[in-house]
Every structure is written in structure tokens, then in C-alpha cells.
Amino acid sequence: MRYGFTTGSCAAAASKAAAYMLLTGKKKETISIVTPKGIVFETKLLEITRKEKSVSCAVEKDGGDDPDITTGALVYAEVSYTERSKMSQTETSLQEEKQTETKALHATIEIDGGIGVGRVTRPGMDQPVGNAAINHVPRQMIEAEVLEVCRMVDYKGALKVIISIPKGVELAEKTFNPRLGIVGGISVLGTSGVVEPMSSQALLDTIRLELNMRHAQNSQIAAVSPGNYGLDFMKETYGYDLDASVKCSNFIGETIDMAVECGFEKMLLTGHIGKLVKVSGGIMNTHSREADCRVELLVAAGLRAGVSRGNLMKILDSATTTEAIAYLEEEKKTKPVMDYLMERIIYYTNKRAGGKMKIECILYDNQYGELAKSEGAEEFLHELQHENVTVSGTTI
């Protein structure tokens, strides 16, 4: 199946092209960038508008063979000079003199959203309240591509980048953005820069293949995680790379079944509370279209822990689990709530395993860090880390 490219990649490519045309005065018909995954994205430039102090252009979103509602939408980038770039040569020279010999003056890039790009109105999102819903990886990509152009032409002023997706206004109604408190449009997303299309069956086949491969390499513990969300936390806290885990996506229950069939006797499940809180209610497919009772489960656990009615109501209205945790923190109830949720996660996952495999779990949030871990989780983690450095003398 054919790869697609994220809205973040489209925004970065359009930004690079607009910056190039603004700073060189030359028109460009196509542009290419290297995505974080290492795959080159080359695309045509559309709707080019060149002015004295700004240039805008668009890239058409291509989701590949993935059923993506944003496919076909135009992602625009307008790059313009800002006040700093208008400084006189004398002012620029004075600033340069203030720099140390090892820290040269470089360009600065300001990034914001325009029409069709949502704006964050509630806490707990990737971006703070008030920011355009352009997630941190796309922001890094945009900045890196524009700075590359600035270095190429030795430009050391300031530029402003505005990302717009006009069709995003209507597309947002087909997403969870309104419920999450992101208003006015869609989010600019993507961590790898590419969209990898997979049917559910193809994904399940991949999970089974990975489990079989690791068991054949004499791994004693099935390391499983829904995805790489929390990668930095696990590295910094435990020195563990989530890339070493089998990615089960939303298929928690079926992954447990397959791990048992493969012959594993132990499993370590690590994940963000936004996914795993659902498991505390016995939900084994965590996709939002299957079930989304995150805050309801938090409220039930909070009620049991004695959280006040006022904060329980705020939790019930929370857009994200991170926002909900803030209300638990106010009453110092995070630990008893998370301990109870962990107890239920362990109950349901081990029940699914039918006594044929022992499951331990680590639960975390990117903002609040570790929230809970089961009794044997750290022991399982140490066993995994030992396996990774000793099997065949190389890391698995």
C-alpha cells in the first residue's frame, strides 16, 4: 500500500518553498524535504503568490492509501518579513558585536496558524492554550526547513510563518477537535512525517509476526506498548526505549491473545493513561470509535477515592486525561485514583490472559510522569533490559 504524508510534512514543505522564494526572489515549482522517518517528500507547489514582503504557496495533502479525511486539502504557508528583519544594517552590526565568537547571530522563526488551523482553548493538549494547534514535531520540521533556507542565503533576520488550511474549517466538524476544545479548524499533526496505511487485519498480522520473531529470539517477556507516545518519559525515567516494544496500537486484548499463543509467560504493558485508562474498565480495543469512557472511568475511581463533587464534575467535562489529572492533583488524590486504576488494569489484562501469562504494567502521562506501576513491573523491565544487551551480544 502507498505511503502518504502528514499535514505536518505538507506545512513544512510549503514553508520551505515560500521562504526560498521570498529570500531568493526566484520562483519554484516543486520542493522536497526529508521527513523524520527518513523518507523524502517531494511535491508540487500550488497557488503561488509572490509579494515584495511575503510569499505564500500551497501543498496538496496526500494521505496515500490511508482513509484520511484531509486528503486533497490544500495546506498553505505564508512566509513574511517581521520587524527584526527590517533592522538597519547599523542595528544589525551592533547586535552582531554583542554575540560571542562561538555564538553567531542566526535567523529567528515565528510560527502561527491561520484560517482552518484550530486554536487550543483548553489545557492538556500538545500546545498551550492560545496557540495554534500545530503540534511540536510539525513545528520543529517547519523551523528546520526554513532555517535551512536562511543558512543557504546567509539570512540572519526574522521570518513569520503562517500555516492555513481553508478546508480545515469544515473538516474539523468530522474530528474530535471541537470536543477537545480546539476551535476553528483541524490540527497540524504527525510525528514521523508519513502516513503508513494499514488495514486492521494487516496491523494484527504485523503484531503477530513481531511477537513470533521475538519469541523465536528467546525473549522471555513480551514487551508491548500502544505506540511511542511517552518515548522520552520511558527513556529518561527507566532508560528504556519504547521502540523495543511491540506496538499493539488499540488492539490490547488481541495482542494478549497472540502473546499467549506464541508461548510467552510474561508481558510488560507500558502506556499513556489516555489509552490504558480504558483497559481499567475491561475495554480491550481502545480506539475511540469502539469506546471512549476515559473521563467516566476517572470519575468512578475518583468517587471511590473521595474526590470532591466539584472536581468530579470538572473531570467529567475534561477534554483530556491530562486536564483531568490536574483536578486530582488539587486534592492530592492522584495516587489513590491511579493505584485503583492500575489494580483494575491488572485484573482485566490477566483475566484476558486466562492464567496462561503474567502481565505487569506501567502507566504514565507526559506531563505528570509516572502515575502507577504494578508490583512486578520494574522487575519485568529489568529482565527486558538484560535481554536486550545479552541476547546474541547485540540489542534486539
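Residues numbered from 1 in each chain as written. Predicted model: local features only at pLDDT ≥ 70, side-chain atom pairs only at ≥ 80, totals over all residues. Heavy atoms only, no water.

Visitor: Report on the side chain of S219, specifying residues and quantitative values.
Guide: Note on placement: S219 falls in the loop between α6 (200–216) and β14 (221–225). Setting aside residues up to four positions removed in sequence, S219 forms contacts with R214, F264 and E387. (Helix = DSSP H or I, 4+ residues; strand = E, 2+ residues; numbered from the N terminus. Contact = heavy atoms within 4.5 Å.)

Visitor: Go over the packing of helix α10 (residues 294–305) against helix α11 (residues 309–316) with me, naming the residues and quoting the values.
Guide: Running from amino to carboxyl end, α10 crosses α11 at an angle of 165 degrees, the nearest separation of the two axes being 9 Å. Overall, the two elements α10 and α11 adopt an arrangement that is roughly antiparallel. Both α10 and α11 take part in a crossing whose hand is right-handed. Between α10 and α11, the residues in contact are V295, E296, L298, V299, G302 and L303 and L312, I315 and L316, respectively. Partitioned by chemical class, the residues of the contact of α10 with α11 number 7 nonpolar, 1 polar and 1 charged. (Axes fitted to C-alpha atoms, helices over the stretch in contact; angles between N-to-C directions. Parallel < 35°, antiparallel > 145°, perpendicular 65-115°, else oblique. Left-handed = near helix turned anticlockwise from the far one by under 90°. Nonpolar A, V, L, I, M, F, W, Y, C, P; charged D, E, K, R; others polar.)

Visitor: Could you give an account of helix α3 (residues 136–153), naming the residues involved and the relevant values?
Guide: In this model α3 runs 26 Å from its N-terminal to its C-terminal C-alpha over 18 residues, within 8% of the 26 Å that 1.5 Å per residue would give. Every buried residue of α3 is listed here: V137, P138, R139, M141, I142, E145, V146, L147, V149 and C150. The inward-facing, buried residues of α3 abut α1 (7–24), β2 (30–34), β7 (108–113) and β10 (158–164). At the exit of α3 stands D154, carrying a positive phi of roughly 60 degrees. (Expected span 1.5 Å × (residues − 1). Buried < 20%, exposed > 50% of the residue type's maximum accessible area, 1.4 Å probe, protein only.)

Visitor: Before we move on, can you summarise the sheet that holds strand β16 (residues 266–272) with the specific residues and values?
Guide: One open sheet holds the 5 strands; their spatial order is β15-β14-β16-β17-β18, and the pairing between them is mixed. The open sheet has two edge strands, β15 (246–247) and β18 (369–373), and neither has a second partner. In terms of strand pairing, β16 meets strand β17 (residues 358–365) through 7 bridges, oriented parallel. Directly across from K266, in β17, lies its bridge partner K358. Together, β14, β16 and β17 form the strand contacts of helix α8 (residues 252–262), whose direction differs from that of β16 by roughly 160 degrees. Each of β16, β17 and β18 is contacted by helix α13 (residues 334–353), which is oriented at about 145 degrees to β17, the strand it contacts most. (Pairing = 2+ DSSP bridges.)

Visitor: So what about the packing of α1 against α3? Which residues, and what values?
Guide: Packing of α1 against α3 brings their axes to within 8 Å, and their N-to-C directions diverge by 20 degrees. Judged by the inter-axis angle, α1 sits roughly parallel to α3. Taken as a pair, α1 and α3 cross one another with a handedness that is right-handed. Seen from α1, the contacting residues are G8, S9, A11, A12, S15, K16, A19, Y20, L23 and T24; seen from α3, they are P138, M141, I142, E145, V146, E148, V149, C150, M152 and V153. Its residues assigned to classes, the contact of α1 with α3 shows 13 nonpolar, 4 polar and 3 charged.

Visitor: Break down the packing of aromatic side chains for me, citing the residues and quoting the values.
Guide: If you walk through the whole model with that rule in mind, you get 3 aromatic pairs. Between Y81 and Y155, the aromatic rings sit 6.1 Å apart at their centres with planes inclined by 55 degrees, giving tilted as the arrangement. Residue Y81 is found in strand β6 (residues 74–81), and its partner Y155 is found in the loop between α3 and β10; the two are separated by 74 residues along the sequence. According to the relative accessible area criterion, Y155 is buried, its value standing at 16%. Consider the rings of Y347 and Y348, whose centres lie 5.0 Å apart with planes at 75 degrees: the pair is edge-to-face. It is K28 that lies over the ring of Y20; its NZ or CZ is 5.0 Å from the centre. (Phe/Tyr/Trp six-rings, centres within 6.5 Å; stacked < 30°, edge-to-face > 60°. Lys NZ or Arg CZ within 6 Å of the ring centre and 35° of its normal.)

Visitor: Give me the pairing of β17: which residues, what numbers.
Guide: The element β17 is extensively covered by neighbouring structure, given that 7 of its 8 residues are classed as buried. Where β17 and β18 come together, 4 bridges link them in antiparallel fashion. In the strand pairing of β18, I362 is matched with K373. Hairpin geometry of β17 and β18 is characterised by an intervening segment of 3 residues between the two adjacent antiparallel strands.

Visitor: Which residues make up the confidence of the model for the protein, and what values go with them?
Guide: Per-residue confidence for the protein gives a mean pLDDT of 88, with 91% of residues at or over 70. Per-residue pLDDT stays below 50 along residues 85–104; that stretch engages in 10 contacts with residues further than four places along the chain or on separate chains. Note that residues 389–396 has pLDDT below 50 and, in this model, 8 contacts with residues that lie over four places away or in other chains. (pLDDT = per-residue confidence, 0-100.)

Visitor: How would you sum up the sheet that holds β7? Please name residues and give values.
Guide: Strand order in the open sheet formed by 5 strands is β4-β5-β6-β10-β7, and the pairing between neighbours is mixed. Since the sheet does not close on itself, it has two edges, and those belong to β4 (46–50) and β7, each with one partner. Taking the axes of each pair of neighbouring strands and ignoring which way they run, one obtains an average angle of 15 degrees across the sheet. Two elements, strand β5 (residues 54–60) and β6, share 7 bridges in a ladder whose sense is antiparallel. Paired with A58 across the two strands is Y76, which belongs to β6. Along the sheet, α1 contacts β4, β5, β6 and β10; its crossing angle with β6, the most-contacted strand, is approximately 35 degrees.

Visitor: Before we move on, could you go through α11 and cite the residues and values that matter?
Guide: Those residues of α11 not exposed but buried are N311, L312 and I315. With its buried residues spanning 105 degrees around the axis, α11 presents them on a single face. Tucked into the core, α11 has its buried residues touching α10 and α12 (321–330). (Arc of directions from axis to C-beta.)

Visitor: Explain the state of the cysteines to me, and be specific about the residues and the numbers.
Guide: All told, the structure shown has 0 disulfides when counted by the stated rule. C248 takes part in no disulfide bond, and the closest cysteine sulfur to it belongs to C361, at a distance of 11 Å. Take C248: its relative accessible area is 0%, and that puts it in the buried class. (Disulfide = S-S within 2.5 Å.)

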